[in-house]
Amino acid sequence: MVAATKLQLPLSDVELAAINEHLSRLRPEQILAWAVVHLPNLYQTTAFGLTGLAATDMLSKFTNKMPPLIFLDTLYHFKETLKLKDRVAAKYGVELFVFKPAGVDTVGEFEERYGKRLWETNDVTYDYLVKVEPAQRAYRTLNVQAVITGRRASQGAARSTLQPLEVDSTGMLKLNPFFAWKFSSVKAYVDANNVPRNALLSQGFKSIGDWHSTAKSGEGDAGERAGRWKGKAKTECGLHKDYFKLKLQVQKKQREDALRAKDEARPVEPVIGQLSETRGVEGIEEDLRREIAVKA
């Protein structure tokens with residue numbers, strides 16, 4: 001499927017299926033070249049993993065207007081990741097936007113507001129605060145309509161049925177140019193093209209996220225994401241889950257905490273707007289659509 005202009009949103013199921021049929025036959029660099037021409041307000045979200053780095057390098061080889069990068073600074077990244085962030089921006093001359101949890105700039109401020117070790121006591125709320133809300137804020141602030149991701153089907157779990165192009169629950173287009181590549185192909189490209197990489201990869205780490213939920217991989221650990229959320233069934237940080245369902249889940253937990261705190265006569269820092277007894281996912285969707293319409 002070839003068009004001369006940017007795609008008009010929203011896409012119908014028929015249009016999306018036709019696009020995926022076309023993209024599924026292309027190599028990653030061809031998918032990226034198609035995206036630069038056809039996807040509106042295109043950005044790349046990245047935590048500077050190898051696949052995302054390969055995408056940035058590929059883009060640099062055929063366009064002078066690279067999609068800007070969006071980096072979500074959770075405040076708990078390894079120092080090696082933060083150094084790599086600056087190195088990549090400098091090497092490729094790409095615009096980089098950094099978004100942190102709302103209203104805080106440091107770990108101290110975050111923990112004073114939400115408590116210590118929130119990733120252990122309430123990992124869903126933690127994911128919402130450090131990844132999901134900052135991502136949605138970035139998309140609204142920058143008017144993002146499409147993002148390039150580094151996800152691949154070979155990473156397994158929820159990613160095993162990945163398509164080249166997806167539409168998430170908010171209407172955002174998510175392009176997965178490496179959907180069909182295995183890790184070995186990504187590594188071969190990174191090695192052959194001298195792409196910058198995280199120094200931790202040479203120290204026994206396979207996949208790198210926050211320092212508190214990333215461990216070195218042992219000899220018996222299977223999968224390229226081994227070491228992430230070790231000992232938990234968790235496989236995603238929330239960024240690629242249904243936004244409305246996750247927000248509803250956080251609001252329900254917030255309401256439970258508020259009721260418990262009321263009984264104990266202690267204050268609770270609000271995470272997001274209060275959820276009434278009668279409002280559910282539909283109400284949250286309506287609020288977001290209204291907010292987007294106002295900003296537009």
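Reading the values: the criteria
Residues numbered from 1 in each chain as written. Predicted model: local features only at pLDDT ≥ 70, side-chain atom pairs only at ≥ 80, totals over all residues. Heavy atoms only, no water. Helix = DSSP H or I, 4+ residues; strand = E, 2+ residues; numbered from the N terminus. Buried < 20%, exposed > 50% of the residue type's maximum accessible area, 1.4 Å probe, protein only. Contact = heavy atoms within 4.5 Å. Polar contact = N/O pair within 3.5 Å; in protein donor to acceptor, adjacent residues only side chain to side chain. Pairing = 2+ DSSP bridges. Axes fitted to C-alpha atoms, helices over the stretch in contact; angles between N-to-C directions. Expected span 1.5 Å × (residues − 1). Bend = angle between axes of the 7 residues up to and from the residue. Salt bridge = Lys/Arg side-chain N within 4 Å of Asp/Glu carboxyl O. Parallel < 35°, antiparallel > 145°, perpendicular 65-115°, else oblique. Left-handed = near helix turned anticlockwise from the far one by under 90°. Nonpolar A, V, L, I, M, F, W, Y, C, P; charged D, E, K, R; others polar.

With that out of the way, let us pick up the environment of Lys6. Looking at the element boundaries, Lys6 is found in the segment before helix H1 (13-23). Judged by its relative accessible area of 36%, Lys6 is partly exposed. Spatially, the C-alpha atoms of Lys6 and Pro40 are 5.7 Å apart, while their sequence positions differ by 34 residues. Discounting residues that sit within four places of it in the chain, Lys6 has contacts with Val36, Val37, His38, Leu39 and Pro40. In terms of polar contacts, Lys6 uses its side chain to reach the backbone carbonyl oxygen of Val37, at 3.2 Å. Side-chain polar atoms of Lys6 contact the backbone oxygen of Leu39, separated by 3.5 Å.

Here we take up the sheet that holds strand E3 (residues 96-99). As summarised here, the arrangement of the six strands in space is E3-E2-E1-E4-E6-E5, forming an open sheet in which the pairing is mixed. Only two strands of the sheet have a single neighbouring strand rather than two, namely E3 and strand E5 (165-167). Taking the axes of each pair of neighbouring strands and ignoring which way they run, one obtains an average angle of 30 degrees across the sheet. Of the pairings in the sheet, the one linking strand E1 (residues 42-45) to strand E2 (residues 69-72) comprises two bridges and is parallel in character. Bridging across to E2, Thr45 finds its partner in Ile70. The strands touched by helix H4 (residues 79-92) within the sheet are E2 and E3, with E2 carrying the most contacts at an inclination of about 170 degrees. Packing of helix H7 (residues 123-142) onto the sheet brings it into contact with E1, E2, E3 and strand E4 (146-148), and relative to E2 it is tilted by some 150 degrees.

Attention now moves to H7. It helps to recall that an α-helix has 3.6 residues per turn; residues three or four apart then point in one direction. A rise of 1.5 Å per residue sets the reference length of H7, with its 20 residues, at 28 Å; its end C-alpha atoms lie 27 Å apart and thus fit the reference within 8%. Approximately 40 degrees is the largest bend angle found in H7, and it occurs at Leu129. Among the 20 residues in H7, 15 count as buried, and that is most of the element. Positioned one or two residues after H7, Asn143 has a phi angle of 60 degrees, which is positive.

The next point concerns the pattern of salt bridges. Counted according to the given criterion, the structure contains eleven salt bridges. Here Glu166 makes a salt bridge to Arg151, at a shortest N to O gap of 2.6 Å. With a gap of 15 residues between them, Glu166 in strand E5 and Arg151 in the loop between E4 and E5 connect regions that are remote in the sequence. Since its relative accessible area comes to 24%, Glu166 is described here as partly exposed. Since its relative accessible area comes to 7%, Arg151 is described here as buried. Several salt bridges share partner residues, and in doing so they unite Lys187, Asp191 and Arg197 into one network.

For the rest of this paragraph, the subject is the packing of helix H3 (residues 50-60) against H4. To characterise two packed helices, one gives the angle between the axes of the helices and the distance between these axes. Where H3 contacts H4, the axes come no closer than 11 Å and their chain directions differ by 10 degrees. Put simply, H3 runs roughly parallel to H4. Here the hand of the crossing between H3 and H4 comes out right-handed. Together, Leu53, Thr56, Asp57 and Ser60 of H3 and Leu84, Val88 and Tyr92 of H4 make up the contact between the two elements. Looking at the contact of H3 with H4, its residues break down into four nonpolar, two polar and one charged.

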